[in-house]
Amino acid sequence: QVQLVESGGALVQAGGSLRLSCAASRSIRSIYSMDWYRQAPGKQREFVAAITSAGSTNYADSVEGRFAISRDDARNTVYLQMNSLKPEDTAVYYCRAIFQATFYWGQGTQVTVSS
């Protein structure tokens, strides 16, 4: 099992930056992939970024070049650095872990970008 706790969400002006954190309850070296998703009001949850245990990364087109996912294995934490934020980035951001063919989700953290 994996417990995930996100933090770092806030209200920020357009053009600003935030860094989200996702702390895992076990070594993330053992987790196949750590991902970020987001869900805006009235919309489906959508993929944002992912990083595998091998360090490979993948991004949604909408955030490519603005967001960066990284990992700190010593802290069992994955980060999402978000720059040049836009109002359309407003959403609840969720961390997901793929561990032993099972998905685990955090509780989410709210990001609000004002125009």
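Refer to the structure above for everything that follows.
Residues numbered from 1 in each chain as written. Predicted model: local features only at pLDDT ≥ 70, side-chain atom pairs only at ≥ 80, totals over all residues. Heavy atoms only, no water.

**Some thoughts on the state of the cysteines**
Here is step 1: According to the stated counting rule, one finds 1 disulfide in the structure shown.
Here is step 2: Two residues, Cys-22 and Cys-95, share a disulfide whose sulfurs are 2.0 Å apart. Its S-S torsion of approximately -80° makes the covalent link between Cys-22 and Cys-95 left-handed. Taken as a pair, Cys-22 in strand β3 (residues 18-24) and Cys-95 in strand β9 (residues 91-99) lie far apart in primary sequence, 73 residues in all.
Here is step 3: According to the relative accessible area criterion, Cys-22 is buried, its value standing at 0%.
Here is step 4: Under the relative-accessibility criterion, Cys-95 is labelled buried at 0%. (Disulfide = S-S within 2.5 Å. Helix = DSSP H or I, 4+ residues; strand = E, 2+ residues; numbered from the N terminus. Buried < 20%, exposed > 50% of the residue type's maximum accessible area, 1.4 Å probe, protein only.)

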